[in-house]
Amino acid sequence: MGAVASESAGNGGDGPTDQVLVQRAQSGDYRAFDQLVTRHRGKVYAMIVNMIHNDADAWDLAQDAFVKAWKALPKFEHRAQFSTWLFRISHNVVYDWMRKKKVMSEGELDDQMLDSSRIDSAAPTAPKIPARPDEQLVQNERRAEIEKALSQLSDEHRETILLREVQGMEYTEIADIMECSKGTVMSRLFYARKKLQTLLKP
Amino acid sequence: MIIRLFCALTILFTSLGSAADLGKEVIGRMQVQVYFATNGEPSIAGKALKKPSPAVEKKLKSLRRTSFKHYRVLGVDRQPVFRSYENWLTPLKPSEELLLSFEPRGKAQSGKMMLDLELWQSRKKIMKAGPTLEKGKPLYIFGPKWRGGRLLLAIELVELLQ
Amino acid sequence: MNNPDESTIQRWLKGELEGNELKQMEAWAEENATELEAKMGWDALGDEIAQALPSEQEPPYADFFNERVKHHAVELVETPPATKASPLWKRFNWILAPTAVAGMVFCFYLGTRIDQETTAIEQSVAVLEEVYTPASGVHSEVIISGDSTVIVLDGLDEIPDALDIVSGETGQGLSPRMMVKTERESFYF
């Protein structure tokens, strides 16, 4: 990924580009920002759900990320893609939340902490979220195994895997989001891969 | 005797309860009329639909530079305005495709009432506004398209009791 | 670092490298990531993970989601986010104040000459404080037409032709009338 934001980035060929919308939003046009929310909420929400395995809290945290993005918009200088910048904000929101929940630790997490079988989708902090249609996939044993294995990684290792394998981000982007060096990204990524291979051995 | 006593006590306590809730006092009445506006064949909305009166039709045609050729009345609803509670208008009853919720904001002054107004389409909120209404001055809303035409709402404070 | 040996790679994968050795290994890994992935036999598992977990998932009550963001971002804040520094020419706006005063005096003079019809329009203009359209793609225009206030909502979803609203048909979904406002706010907005 280059350091300069591409003008064609983010719109999927449909409507104004992210860069155009961001510029309008920076001028105070909230409707432009609302379009950015609509465009990016799916990825942000999915990333957070995959990280914390709690639909209700993920719903709140995803909103927090966008609220913070709106407030920080004047500081966005278009040197990176808006989506990367947004993911960095989401990263900070999730980690702040985890710190408050006392989930952060130096090494691997207690494998009970984020066990996918303990998904709490009926938390009172959000609207009653009905069972996701893709809850059906829980019946897919392999997916459950993958989620369980991911939950046994530390937050940083899990996030690196999710950003690389699920979100398809480049190493530079991941480094930007996680505010670490590319080298650290490589170390975390390959360590996590090795660990997952062991956990998911057939 | 016991039954009469029971009824009397029920009425007494009910009236006491109602009097205690000043929020339910009726301070006015709101009305919404929904029109089908189209340049095509108006009977597509329904064969037995009435035309608005000539005066109303003239008014509707004057609202925008580009007016429609035909107007038909789709529905009307009138509901009380409670002092501190919201209420709903369901002009296409029993259809809830269009709904309006309204609640007064503070006391009416100089014959005008400020309201929180929400317009709902297909059970989704599509508009929120804070109009100040007075008798004889409807608020018009050009809403969603349907069957080649457009729904036009006329929202009016038809009575103010304060 | 030239090609690290297998032992170095394994120590790295176990998190056992430090200092300079770690930096060199990381730099090598960055240059040779594809080769390393192939060596690990990672591709298949990587693909499995990518297919098993969604990269994108619409949050439930998506319209509500957007409105909650707006509520917290904008409506709860008295002032909008600071905009960038004004250009130089705007810094001479000190001259605007006396000009504005002169303009106000002139307008007041004109205002004493305005007739009843114009006064009615001013009253109509005061009818609306704000119009908010939560759905993305929908925008509102307020028109003053004579003594009438007109809101035009563009970009709304069309009501399906097949839906006979005159006969009472309605689309799917939980009716907002069934809930009290506070409960509804948390469900819908």
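Before any of the text, the structure's been laid out above.
Below, the structure is looked at part by part. This structure is a prediction, so every number in the text was calculated from the model and none was measured.

Calculation notes
- Residues numbered from 1 in each chain as written.
- Chains lettered and ligands numbered in written order.
- Predicted model: local features only at pLDDT ≥ 70, side-chain atom pairs only at ≥ 80, totals over all residues.
- Heavy atoms only, no water.
- Pairing = 2+ DSSP bridges.
- Helix = DSSP H or I, 4+ residues; strand = E, 2+ residues; numbered from the N terminus.
- Axes fitted to C-alpha atoms, helices over the stretch in contact; angles between N-to-C directions.
- Contact = heavy atoms within 4.5 Å.
- Buried area = accessible area lost by both parts, 1.4 Å probe.
- Salt bridge = Lys/Arg side-chain N within 4 Å of Asp/Glu carboxyl O.
- Polar contact = N/O pair within 3.5 Å; in protein donor to acceptor, adjacent residues only side chain to side chain.
- Parallel < 35°, antiparallel > 145°, perpendicular 65-115°, else oblique.
- Left-handed = near helix turned anticlockwise from the far one by under 90°.
- Nonpolar A, V, L, I, M, F, W, Y, C, P; charged D, E, K, R; others polar.
- Buried < 20%, exposed > 50% of the residue type's maximum accessible area, 1.4 Å probe, protein only.

**Side note on the sheet that holds strand β1 (residues 26–38) of chain B**
Strand-to-strand pairing in sheets goes through backbone hydrogen bonds, with the strands running parallel or antiparallel.
Here's step 1: Taken in spatial order, the six strands make up an open sheet running β2(B)-β1(B)-β8(B)-β7(B)-β3(C)-β2(C), and their pairing is mixed. Sheet topology places β2 (70–82) of chain B together with β2 (139–145) of chain C at the edges, where each strand pairs with a single neighbour. Within this sheet the neighbouring strands show an average axis-to-axis angle of 20°, counted without direction.
Here's step 2: In this sheet, β2(B) lies alongside β1(B) in antiparallel orientation, the contact comprising 12 bridges.

**With respect to the interface of chain B and chain C**
Here's step 1: Contacts between the two partners involve 49 residues from chain B and, on the opposite side, 51 residues from chain C.
Here's step 2: Approximately 4,200 Å² of surface area, both sides summed, lies buried where chain B meets chain C, with 52% of it carried by carbon and sulfur atoms.
Here's step 3: Of all residues in chain B, B:Arg123, B:Lys125 and B:Trp146 bury the most surface against chain C, accounting for 15% of the area lost on that side.
Here's step 4: Linking chain B to chain C there are two salt bridges.
Here's step 5: The partner of B:Arg150 in a salt bridge is C:Asp154, and the shortest N-O contact between them spans 3.2 Å.
Here's step 6: Linking chain B with chain C are 20 residue pairs in polar contact (both at pLDDT 80 or more), by the criterion used here.

**Digging into unusual backbone geometry**
Most of the time, phi is negative for any residue but glycine, and the peptide bond is trans.
Here's step 1: The linkage connecting B:Lys93 with the following residue, B:Pro94, adopts the cis geometry, with an omega of 5°.
Here's step 2: Its place among the elements puts B:Pro94 in the loop between β3 (87–89) and β4 (98–104).
Here's step 3: Positive phi outside glycine occurs at A:His78, with the angle close to 65°.
Here's step 4: Relative to the helices and strands, A:His78 is located in the loop between α3 (55–72) and α4 (82–101).

**Focus on the packing of α4(A) against helix α6 (residues 155–166) of chain A**
Residue and element names in this part refer to chain A.
Here's step 1: In contact at an axis separation of 12 Å, α4 and α6 are set at 150° when each is read in the N-to-C sense. Taken as axis vectors, α4 and α6 run roughly antiparallel relative to one another. Considering the relative orientation of α4 and α6, their crossing is right-handed. Contact residues: Phe87, His91, Tyr95 and Met98 in α4; Asp155, Glu156, Arg158, Glu159 and Leu163 in α6.

**Examining the interface of chain C and chain A**
Interfaces are often sized by the accessible area lost when the parts come together.
Here's step 1: Every contact between the two is made by 50 residues of chain C and, on the other side, 52 residues of chain A.
Here's step 2: With both sides pooled, the region where chain C packs onto chain A buries about 4,700 Å², and carbon together with sulfur makes up 64% of that total.
Here's step 3: A per-residue breakdown of the area chain C buries against chain A is headed by C:Leu53, C:Gln57 and C:Phe65, which together make up 14% of the total.
Here's step 4: One can count four salt bridges joining chain C with chain A.
Here's step 5: We note a salt bridge from C:Glu37 to A:Arg193, for which the minimum N-O separation is 3.0 Å.
Here's step 6: Taken together, the connections running from chain C to chain A amount to 20 residue pairs in polar contact (both at pLDDT 80 or more).
Here's step 7: Listing elements by their share of the side of chain C that touches chain A, those giving two or more residues are α1 (6–13), α2 (19–31), α3 (33–40), α4 (43–52), α5 (62–75) and α8 (181–188) of chain C.
Here's step 8: Per element, the largest residue contribution to the side of chain C that touches chain A is 10 residues, and it comes from α5(C).
Here's step 9: Of the residues that constitute the side of chain C that touches chain A, the class distribution is 28 nonpolar, 12 polar and 10 charged.

**Regarding the side chain of A:Ser154**
Here's step 1: Take A:Ser154: it is sitting in the loop between α5 (141–151) and α6.
Here's step 2: Of note is the side chain of A:Ser154, whose polar atom sits 2.8 Å from the side chain of A:His157.

**Structural notes on the pattern of salt bridges**
All names here are of chain B.
Here's step 1: By the definition in use, this model includes 24 salt bridges over all chains.
Here's step 2: Across the salt bridge formed by arginine 83 and glutamate 25, the nearest N and O atoms sit 2.8 Å from each other. Here arginine 83 is found in the loop between β2 and β3, whereas its partner glutamate 25 is found in the loop between α1 (2–20) and β1, with 58 residues between them in sequence.
Here's step 3: Judged by its relative accessible area of 26%, arginine 83 is partly exposed.

By themselves, these figures tell us nothing about what the structure is for.
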